[in-house]
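Coordinate analysis (summary)
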Amino acid sequence: MSTLEIRDLHVAVEDKPILRGVNLTVKAGETHAIMGPNGSGKSTLAYAIAGHPKYTVTGGQVLLDGVDLLELSVDERARAGLFLAMQYPVEVPGVSVSNFLRSAVTSVRGEAPKLREFAKDLKAGMDALSIDAAFAQRNLNEGFSGGEKKRHEILQLELLKPKIAVLDETDSGLDVDALRVVSEGINRFRAAGETGVLLITHYTRILRYVKPDFVHVFAAGRVVEEGGPELADKLEAEGYEAYTKASA
Amino acid sequence: MGLATTPSSTLQRKSSYELDDFAVPTGREEEWRFTPLSRLKGLHDGTAAGSGAVSVAVDAAPEATVETVGREDERIGKAYVPADRVSAQAYAAFEKATVVTVPREAVASKPTVITFTGGGGTAYGHTVVRLEPMAEAVVVLDHRGSAVYADNVEFVVGDGATLKVVSLQDWADDAVHVSHHHAQLGKDATFRGFVVTLGGDVVRLSPSVSYTAPGGDADLTGLYFVDAGQHLEHRLLVDHSQPNCKSNVVYKGALQGDDAHAVWIGDVIIRVEAEGTDTYELNRNLLLTDGARADSVPNLEILTGEVAGAGHASASGRLDDEHIFYLQARGIPFDEARRLVIRGFFGQLIEKIEVEELRDRVMAKVEAELAG
């Protein structure tokens, strides 16, 4: 069973401190929601864990089953079992979805999947997320609507089967139908209970579909309050005002 | 004051069969300012004596006739008049010309491959490819080996004919090649030119298109990969002088290494009489390392108010970090992520190459450049 341990993580962007000592442990089978106002550093946490070059880690550790991810390159972290579903997946011209997915699956599994098996998995995955079959031939994220991009992120999640998934505002920009389809994908992924999920969101809406075990409130670059699902209800009713005032 | 009625494009300023009509360039001229004259091994100043060191072999389609002719042959110089000093030098100095003819209404059953192999030394050449009315053919110009070579190639595309050309500059590292490729399109003629430039120390290739009647359609595609120290220059000129003709120019290049230098000049002229012209040109450069340089100069001159479409675009930039991050975040190692993105950059172009073996060869070459 896998564990992601974030220990006293400090991160800066262009010398400006954003994360100021984050501590968080996510175990397989658990779903943690990180909630917070805009600018509280939620997305910074996601991208710093994944290794985006824009973010400089100035202190702390991120351990996945005891291995410090911060010592690894971006692709090594992914192969170690980390997955980041991005808020704004980038368009990559000339690289087809099917080619990209096959390369990713090959890299993560360490061997090329059998072509027929892969085609079957891909089709099943796309069907489950109501993604049109023609998508496989399109260029990666190019001309995708917001909803299509998010479904495609969840398709990757289901194909790559990471140990720990970080979902960065996967619910933003989705209408109710798309939110349900995407949430079902996340629930399928976590159903086996062998994976951990770190769900970053501004709104409580997605938590009605993807029930968290723990809720952490983020403000000014650190966790300021923790609790169970009931904390989300409190935020729903009261908003973030109390936290933004306290940290200002 | 009305619209100007004569184009100002420097490439059109003069053309002549006479070498002496062109002064020895100094490098300050607009058309020579990007070219490293000191590396042309004398092609531009009359000091490079031809030794005939480039052999020409033709594997022709059975429908085509191939002749090797002398300078006096009347088919030479019909479609093209030299437009600069080196072109005039090549015209003045070549001894034998290759003439490929595809007769009226003949459809060539296989590509005609003309292989130019450099054996060291300096040479001048001339090639004429003639498609009679309604003929269809694919012609490959395959340049390899080591040489200092200047030549002119004339493509005469008759009324209703379709000519597809792939010109591959796959020279050895020390080669110097200065070349003009001119396509003259008859009524409703179609020309598809695909240029791939990979090898050589200096390659300066000037593809141009003219129209003798309405309805011509020219598509010019180019792909280049510039390594450290290489100078690869492409100078396009499409001269719309007839109504209702089309042209589309897409050139893409990647550069890596110190002093890798790409030059792309895209001149399109739409003359007063060329109403209904539809033209677009695009150049993109991908700078893979520091120390590489791309100069890209699109130039669209429109002298009539009645065009169907006219546009140009040029962009040079680095590999996008966000692209690489996204692919790496899915477990794909950096080198492979880079390859995928560059392959994507070129991929759609390579798919346009008419001949499958050539497509594979170009893809393999690009892969080798990426690996190296």
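Definitions and cut-offs
Residues numbered from 1 in each chain as written. Chains lettered and ligands numbered in written order. Predicted model: local features only at pLDDT ≥ 70, side-chain atom pairs only at ≥ 80, totals over all residues. Heavy atoms only, no water. Phe/Tyr/Trp six-rings, centres within 6.5 Å; stacked < 30°, edge-to-face > 60°. Helix = DSSP H or I, 4+ residues; strand = E, 2+ residues; numbered from the N terminus. Buried < 20%, exposed > 50% of the residue type's maximum accessible area, 1.4 Å probe, protein only. Lys NZ or Arg CZ within 6 Å of the ring centre and 35° of its normal. Domains from an automatic or database assignment. Contact = heavy atoms within 4.5 Å. Buried area = accessible area lost by both parts, 1.4 Å probe. Salt bridge = Lys/Arg side-chain N within 4 Å of Asp/Glu carboxyl O. Polar contact = N/O pair within 3.5 Å; in protein donor to acceptor, adjacent residues only side chain to side chain. 1 Å grid on protein atoms, 1.4 Å probe; cavity = no way out; pocket = protein on both sides within 12 Å on 5 of 7 lines; lining within 4 Å. Points joined across faces, edges and corners; volume = space filled by probe spheres on them. Nonpolar A, V, L, I, M, F, W, Y, C, P; charged D, E, K, R; others polar. Core = buried A, V, L, I, M, F, W, Y, C linked by side-chain atoms within 4.5 Å.

1. Structural notes on the packing of aromatic side chains
- For the structure shown, the criterion picks out 11 aromatic pairs over all chains.
- Judged by centre distance (5.6 Å) and plane angle (25°), the rings of F100 of chain A and Y326 of chain B are stacked. Placement of the pair is F100 of chain A in helix α3 (residues 97-109) and Y326 of chain B in helix α2 (residues 321-328), with the two residues belonging to separate chains.
- Seen in terms of ring centroids, Y91 of chain B and F94 of chain B are 5.8 Å apart; in terms of plane orientation they differ by 70°. Their pairing is edge-to-face. F94 of chain B carries the same exposure label as Y91 of chain B, and that label is buried.
- Members of the aromatic cluster, connected to one another through ring pairs, are Y47 and Y55 of chain A together with F325 of chain B.
- One cation-aromatic arrangement involves R138 of chain A over F135 of chain A; the distance from NZ or CZ to the ring centre is 4.7 Å.
- The cationic tip of R204 of chain B hangs over the ring face of W32 of chain B; the distance from NZ or CZ to the ring centre is 3.7 Å.

2. Concerning the domain arrangement of chain B
Residue and element names in this part refer to chain B.
- As far as domains go, chain B holds domain 1 (10-318) and domain 2 (320-372).
- The distance between the C-alpha centroids of domain 1 and domain 2 comes to 26 Å.
- Counting from both sides, the interface comprises 29 residues of domain 1 and, opposite them, 19 residues of domain 2.
- Together, the buried faces of domain 1 and domain 2 total about 2100 Å²; carbon and sulfur atoms form 69% of this surface.
- If you sort the residues of domain 1 by the area they bury against domain 2, L223, F225 and K252 come out on top, with a joint share of 23%.
- Between domain 1 and domain 2 we count five salt bridges in total.
- Note that R361 is salt-bridged to D170, the shortest N-O span being 3.1 Å.
- At the boundary of domain 1 with domain 2, the tally comes to nine residue pairs in polar contact (both at pLDDT 80 or more).
- Contributions of two or more residues to the side of domain 1 that touches domain 2 are made by β5 (136-157), β6 (162-169), β8 (190-197), β10 (217-226), β12 (246-255) and β14 (277-287).
- For the side of domain 1 that touches domain 2, the element with the most residues is β10, which contributes six residues.

3. Notes on the interface of chain A and chain B
- In this complex, chain A contributes 33 residues to the contact, which on the side of chain B involves 17 residues.
- For the pair chain A and chain B, the two sides together bury roughly 1900 Å², of which 66% comes from carbon and sulfur.
- Contact with chain B buries area across many residues of chain A, yet D75, M86 and V90 of chain A alone supply 22% of it, more than any other trio.
- Where chain A touches chain B, the interface holds one salt bridge.
- In this structure, the salt-bridge partner of R330 of chain B is E153 of chain A, at a minimum N-O distance of 2.6 Å.

4. A short note on the layout of surface pockets
All names here are of chain B.
- Considered as a void within the structure, the largest pocket measures approximately 380 Å³ in volume.
- Taken together, 22 residues form the lining of the largest pocket, with V54, E95, K96, Y124 and G125 sitting closest to its centre.
- Those elements that place two or more of their residues in the lining of the largest pocket are β1 (54-59), β2 (65-69), β3 (97-102) and β4 (112-131).
- Among the elements that line the lining of the largest pocket, the one with the most residues is β4, at six residues.
- Residues belonging to the lining of the largest pocket are distributed by class as follows: 11 nonpolar, nine polar and two charged.

5. Focus on the nonpolar core
- The biggest cluster of nonpolar side chains holds 115 residues, and the ones touching the most others in it are I6, L9 and L45 of chain A together with L223, L327 and F346 of chain B.
- If you tally residues by element for this core, the top one is helix α3 (residues 334-350) of chain B, at eight residues.
- For this core, the domains that each give at least three residues are domain 1 (10-318) and domain 2 (320-372) of chain B.
- Apart from residues lying up to four places away in sequence, F346 of chain B is in contact with L223, Y224, F225, K252, G253, A254 and V366 of chain B.

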